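# Residue-level structure breakdown
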Amino acid sequence: LHREGVAADRLQCVGSLYATALRACATTTDDAEGALRQPGAGTSAFDPNRPFGLIGLRGSDGKQLARRIDAFAGELKGGLPMLWLVDPATAETVRLAALESRLERQGIAVLPQPAFGEALELLRGATVVLADAASPLAEQASLVALPVLELAADGSNAEQVVHAIHDLIAHPAARDAQP
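First things first, this report covers the structure right here in the doc. (Residues numbered from 1 in each chain as written. Predicted model: local features only at pLDDT ≥ 70, side-chain atom pairs only at ≥ 80, totals over all residues. Heavy atoms only, no water.)

Before going further, it helps to spend a moment on the layout of surface pockets. The gaps left among the atoms become clear once a water-sized probe is rolled over them. Of the voids in this model, the second largest pocket is the one considered here, and its volume is about 150 Å³. As for the second largest pocket, its lining consists of G56, L57, R58, L85, D87, Q113, F116, A119, S135, P136, L137 and Q140. Listed by contribution, the elements that provide at least two residues to the lining of the second largest pocket are helix 6 (116–125) and helix 7 (136–143). Ranked by residue count, the leading element in the lining of the second largest pocket is helix 7, at 3 residues. Here the lining of the second largest pocket is built from residues that sort into 6 nonpolar, 4 polar and 2 charged. (1 Å grid on protein atoms, 1.4 Å probe; cavity = no way out; pocket = protein on both sides within 12 Å on 5 of 7 lines; lining within 4 Å. Points joined across faces, edges and corners; volume = space filled by probe spheres on them. Helix = DSSP H or I, 4+ residues; strand = E, 2+ residues; numbered from the N terminus. Nonpolar A, V, L, I, M, F, W, Y, C, P; charged D, E, K, R; others polar.)

The subject of this paragraph is the nonpolar core. Among the nonpolar cores identified, the biggest contains 26 residues, and I55, F72, W84 and L130 are the most heavily contacted of them. Elements with a contribution of two residues or more to this core: helix 3 (62–76), strand 2 (82–86), strand 3 (108–112), strand 4 (128–131) and helix 8 (158–170). In terms of residue count, helix 3 provides more of this core than any other element does, 6 residues in total. Core analysis: the next-biggest nonpolar cluster, separate from the first, contains 16 residues, L54, L111, L123 and A131 among them. (Core = buried A, V, L, I, M, F, W, Y, C linked by side-chain atoms within 4.5 Å. Buried < 20%, exposed > 50% of the residue type's maximum accessible area, 1.4 Å probe, protein only.)

Following this line, the structure appears as structure tokens:
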């Protein structure tokens, strides 16, 4: 801008508008239970008042997605209830790969991506987010200081991810102390 002739005193750095808006919305949204009452949500046994994690994985390859989530769930062994927020394409992949009943047995509830305010409330109540790098949920979680763990495309780091989740459950004060 200097080369364009804009004086330095005419510039102001304001940070991330998206982060500012997200933080403002996070303090004015409804409770997480609204998101769990969506039609078609397999979350009837899910309690948002107890520790839980959110999953923001995406995928269009049913076999790869199944291997990835099985590696994770096999390590987690039901240790933390998980709520998987799925976009329409991932929901279709889950349906076509017939993963619903397997996920339910593994303590993973599937929920169609809720509205923005409801998703924020779920983020505020969650202990951790499991996502891939392309997930918008990962960015939203990091903006509200929620730990984000990335599961490798082949699930090969599932053991390390679950170990980190157990640490977060065992030491919740460390998570709450994050800036």
